[in-house]
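# Tertiary structure, described
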Amino acid sequence: MILIVAEHAEGKLSKSTYELTEAARQLKREGPVTLLILGNQVGAVATAAAALGEQVLVADNPALSEYDPEIWAAAVAQIAREGEANTILIAGSRSGREYSPRVAVKLDAPLIEDAISFHEAGDALQAEHYTFLSRVTERIQAEGTVVVVTIKPGSFPVAQPNTSLAEQYDVQLELPQRRLIVTGQIKEKTERVSLVEAEIVVAGGRGVGSPEGFRLLVESLADQLGAAVGATRAVVDSGWRPYSEQVGQTGKTVQPKAYIAIGISGAVQHLSGMGKSKLIVAINKDADAPIFREVDYGVVGDVQDIVPAMIRELQQNPKSETTKDQVH
Amino acid sequence: MRILAVIRQVLNAEESVKVKDGAVDLSSSKLVVDTMDEYGVEQALRMREATPGIEVAVLAIGPSRCEEAVRSALAMGADRGILVEADVPLDVITISSIVAQVARAETIGLIFCGGQQADWDSHALGAATAERLGWPQATWTHALSLDGDQLIGKHAVDAGSESFSLPLPAVVTTQQGLNEPRYPTLPNLMKAKRKEIRRESLDAFDVKPKLKYLGAEVQVRERLRTMIDGKDSQAAATQLVDLLRNQAKVIQ
């Protein structure tokens, strides 16, 4: 079977699960497209998954209420073995990329990280992924019949639901004890769409001048557009914004339909996190800023004047509703 | 306790990437220790300074030139180096087997490696190594201290960050914010020349690569590069909004 580990949060399947499903459907490998749901009280999620897969395996267990890399790896490896999975597809989220290596080691299987495309080559699986801070596209081939793959978010289209619902099966798991003990949590508090799922990202660099400038320029424009907010490392290091908003090598990787960079010079580490965006817009007073080599639309000027003028323009001439996330 | 910091020698981020015969060619490029790995070396040194009886070893797996990277880590203050010479590209699952074998032979109690390596963009080495050793892991760690036989720290997760405790032995992957890596001082550079670097051959480790490398291309995405003069901010804003609406059609 082709095993998809479904990501979900707050009772809903994540966008990544729809992308993994589309990836699995494109793959001509043997066996049913199977979605595995790990969690506690996940009935609603399992029902949603039944419209995507050819079968759904549900591990509804209080021990799975909070993610843990060792528990997730044990669960996925057990199901992969029992179901004789040939391909294990895992979302390229921070957690997915954290437990997938453990799954590969448990199964003595190759790991393809952050695939952007793949195809069959005889019995083997070939894939493309980015290397060198996303500057190089590398083609690799996994040796062996079982392969673990993480899929880069945004690389595959969102799968459409089937008209009929697949069968759901409860599974029993032997789970290890939790060793990483969580003693406190700081949740990303955002009422905006999530950074990695957003269709538009408005991001700010040191060029916005201050935390207040970030709020007035970046956040205001993001809210006007229904966009997510991103920040550069310099902004995060200065304590203006939380790490959760950082885009770049050491932060999140995004590839929205449009990335609007405000007061960002465009260090290579930042470009590696957003350089695959479909459209890149930059506003910066320095005409020589490296970001302008990567833009579709560049405005050389003062962000303090131009961004408020954009917001006014959008408010005064609203054509219709702003773009919203399409997955529900 | 012995701490092992795993380091990789990577292209300096400011350099351009060259591809030759379907693979990245680093022969004429400036190479450095991966910044993410330097956080691990620095953290190990800080732990040694705070707790008596800690030894810090660094491990590099790669071509002979990686000795330079090991030497840099020794100049930061690491006690000794191990270089496993490998001239063929190895995938991360295979490399984790080498790291785990070294850790066992050296009776290591804590392993550091970078959260993401700047050459192969991999996040997997820490977790794969932990699995092989049967150890727990904490990834993307941005605060860490030793508390008896436990580690106390903070790390980034999907939806924000968490504080955690973790029993030793363990694998920790790093990220920015963990510390500011020190620069080698002149006396330390001199001392580093006399420190031991043990070279081992890949043949000493029984590994079989799991990935084949078929080719590589530098990806260049064609951009429109439409530039707008922002001297008249209102006119520039109007033009940009018009382009976003009517040409790119990303907003309505």
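Residues numbered from 1 in each chain as written. Chains lettered and ligands numbered in written order. Predicted model: local features only at pLDDT ≥ 70, side-chain atom pairs only at ≥ 80, totals over all residues.

### Regarding the overall build of chain B
Basically, it comes down to this: Secondary structure follows DSSP: runs of H or I at least 4 residues long count as helices, runs of E at least 2 residues long count as strands, and numbering of each begins at the N terminus. With C-beta atoms placed from the backbone, the exposure class of a residue follows from how many other C-beta atoms lie within 10 Å of its own: 20 or more, buried; 12 or fewer, exposed; in between, partly exposed. The contact rule is simple: place each C-beta atom from the backbone, and if two of them lie within 7 Å, those residues are in contact.
Counting its regular elements, chain B contains 6 helices and 15 strands. Counting only C-alpha atoms, chain B reaches 65 × 45 × 40 Å along its principal axes. When burial is assessed residue by residue, chain B has 50% of its 252 residues classed as buried. If you take every contact in chain B between residues at least 6 apart in sequence, the share linking residues at least 24 apart comes to 69%.

### Here we look at the domain arrangement of chain B
Stated formally: Note that the domain bounds were set by an automatic or database domain assignment.
On domain assignment, one finds that chain B holds domain 1 (2-204) and domain 2 (224-252). Domain 1 of chain B and domain 2 of chain B are separated by 45 Å when their C-alpha centres are compared.

### Comments concerning the nonpolar core
Threshold: For our purposes the nonpolar core covers buried Ala, Val, Leu, Ile, Met, Phe, Trp, Tyr and Cys residues that link as a set through C-beta atoms within 7 Å.
Among the nonpolar cores identified, the biggest contains 195 residues, and A:I37, A:V202, A:I262 and B:A5 are the most heavily contacted of them. Sequence-distant contacts of A:I37, defined by excluding residues within four places in its chain, comprise A:A6, A:V42, A:V45, A:A46, A:A49, A:V56, A:V58 and A:A59.

### A closer look at the pairing of strand 15 (residues 258-262) of chain A
Residues and elements named next belong to chain A. Spelled out, the test is: Strands qualify as paired when DSSP identifies two bridges or more between them.
Counting buried positions along strand 15 gives 5 out of 5 residues, so the element sits mostly inside the fold. Of the two faces of strand 15, the one carrying A258, I260 and I262 and the one carrying Y259 and A261 are both buried. Direction of pairing for strand 13 (residues 200-204) relative to strand 15: parallel, over a ladder of 5 bridges. When the bridges of strand 15 are listed, G204 appears paired with I262. As judged from the 5 bridges shared by strand 15 and strand 16 (residues 279-284), these two strands associate in the parallel manner. Among the inter-strand pairings, A258 is bridged to a residue of strand 16, identified as L279.

### Brief notes about helix 6 (residues 233-247) of chain B
An α-helical turn contains 3.6 residues, so any two residues separated by three or four positions project in the same direction. Heads up, the rule is: A helix is expected to span 1.5 Å multiplied by its residue count minus one. Summarising the geometry, the arc corresponds to the directions from the helix axis toward the C-beta atoms.
Helix length check: helix 6 of chain B, at 15 residues, gives a terminal C-alpha distance of 20 Å against a target of 21 Å (1.5 Å per residue), a fit within 8%. Regarding helix 6 of chain B, the residues found buried are B:S233, B:A236, B:A237, B:L240 and B:L244. All buried residues of helix 6 of chain B project into a common sector of 100 degrees when viewed along the axis, lining one side. Seen from the open side of helix 6 of chain B, the exposed residues pointing more than 90 degrees away from its buried face are B:D242 and B:N246. Lining the buried residues of helix 6 of chain B we find strand 17 (297-300) and helix 8 (303-316) of chain A together with strand 15 (226-229) of chain B.

### Quick notes on the environment of B:F205
Residues and elements named next belong to chain B. Relative to the elements of secondary structure, F205 occurs in the loop between strand 13 (197-201) and strand 14 (211-218). For F205, a count of 18 C-beta atoms within 10 Å corresponds to the partly exposed category. Not counting chain neighbours up to four residues away, the residues in contact with F205 comprise V84, S97, I98 and Q101.

### Some words on the domain arrangement of chain A
The domains assigned to chain A are domain 1 (2-170) and domain 2 (200-316). Taking only C-alpha atoms, the centre of domain 1 of chain A and the centre of domain 2 of chain A are 32 Å apart.

### Digging into the interface of chain B and chain A
As a reminder, the rule being used: The nonpolar class holds Ala, Val, Leu, Ile, Met, Phe, Trp, Tyr, Cys and Pro. Asp, Glu, Lys and Arg form the charged class, and all remaining residues, Gly among them, are polar.
In this complex, chain B contributes 75 residues to the contact, which on the side of chain A involves 77 residues. Looking at the side of chain B that touches chain A, the elements with two or more residues in it are helix 3 (92-105), helix 4 (125-133), strand 9 (137-147), strand 10 (150-157), strand 11 (160-167), strand 14, strand 15 and helix 6 of chain B. In terms of residues, the side of chain B that touches chain A owes the most to one element, helix 6 of chain B, which gives 9 residues. Counted by class, the side of chain B that touches chain A contains 37 nonpolar, 22 polar and 16 charged residues.

### A short note on the packing of helix 8 of chain A against helix 6 of chain B
Counted only if it meets this: Here the axes come from fitting lines to C-alpha atoms, over the contacting stretch only for helices, and the angles between their N-to-C directions go from 0 to 180 degrees. Small angles under 35 degrees read as roughly parallel and large ones over 145 as roughly antiparallel, with 65 to 115 read as roughly perpendicular and the rest as oblique. By definition, turning the near helix anticlockwise from the far helix through less than a right angle yields a left-handed crossing, and turning it clockwise yields a right-handed one.
As a packed pair, helix 8 of chain A and helix 6 of chain B sit with axes 8 Å apart at the nearest point and diverge in direction by 55 degrees. The angle between helix 8 of chain A and helix 6 of chain B places the two elements in the oblique class. Handedness of the crossing formed by helix 8 of chain A with helix 6 of chain B: right-handed. Contacts between helix 8 of chain A and helix 6 of chain B pair A:D305, A:I306, A:A309, A:M310, A:E313 and A:L314 from the former with B:S233, B:Q234, B:A236, B:A237, B:T238, B:L240 and B:V241 from the latter. Along the lines of polarity and charge, the residues of the contact of helix 8 of chain A with helix 6 of chain B split into 8 nonpolar, 3 polar and 2 charged.

### So, the confidence of the model for chain A
The following threshold applies: For every residue, the predictor assigns a confidence score, pLDDT, that lies between 0 and 100.
Residues of chain A with pLDDT of at least 70 account for 95%, and the chain-wide mean is 92. In this model residues 320-328 of chain A is a low-confidence stretch, pLDDT under 50, and it forms 18 contacts with partners more than four residues away in sequence or in other chains.

### Quick word on unusual backbone geometry
Looking along the chain, the bond that leaves B:L168 and enters B:P169 is cis, with omega of -5 degrees. With respect to the element layout, B:P169 can be found in the loop between strand 11 and strand 12 (170-174). Backbone geometry places A:S134, a non-glycine residue, at a positive phi of 65 degrees. Relative to the assigned elements, A:S134 resides in the loop between strand 8 (124-131) and strand 9 (136-142).

### Topic: the sheet that holds strand 15 of chain A
Taking strand neighbours across the sheet as the criterion, the 6 strands line up as 14(A)-13(A)-15(A)-16(A)-17(A)-15(B) in an open arrangement whose pairing is parallel. If you trace the sheet from one side to the other, it starts and ends with strand 14 (228-231) of chain A together with strand 15 of chain B, each paired once. Taking the axes of each pair of neighbouring strands and ignoring which way they run, one obtains an average angle of 15 degrees across the sheet. Packed on one face of the sheet, helix 5 (residues 211-225) of chain A meets strand 13, strand 14 and strand 15 of chain A and runs near 175 degrees to strand 13 of chain A. In the packing of helix 8 of chain A onto the sheet, the strands contacted are strand 15, strand 16 and strand 17 of chain A, and the crossing angle to strand 16 of chain A comes to about 130 degrees.

### Considerations on the environment of B:L110
All names here are of chain B. Structurally, L110 can be placed in strand 8 (residues 110-114). Taking the C-alpha atoms as reference points, L110 and S64, separated by 46 residues in sequence, lie 26 Å from one another. Leave out the neighbours within four places in its chain, and L110 touches M1, I3, L168, P169, A170 and V172.

### Looking at the pairing of strand 9 of chain B
Residue and element names in this part refer to chain B. When strand 9 meets strand 12, the two strands line up parallel, connected through 3 bridges. Bridge pairing links A138 to V172 in strand 12. One ladder, built from 6 bridges, connects strand 9 with strand 10; its direction is antiparallel. The partner of D147 across the bridge, within strand 10, is Q150. Linking two consecutive strands that pair antiparallel, namely strand 9 and strand 10, is a turn of 2 residues; a positive phi of about 65 degrees is found at G148 within it.

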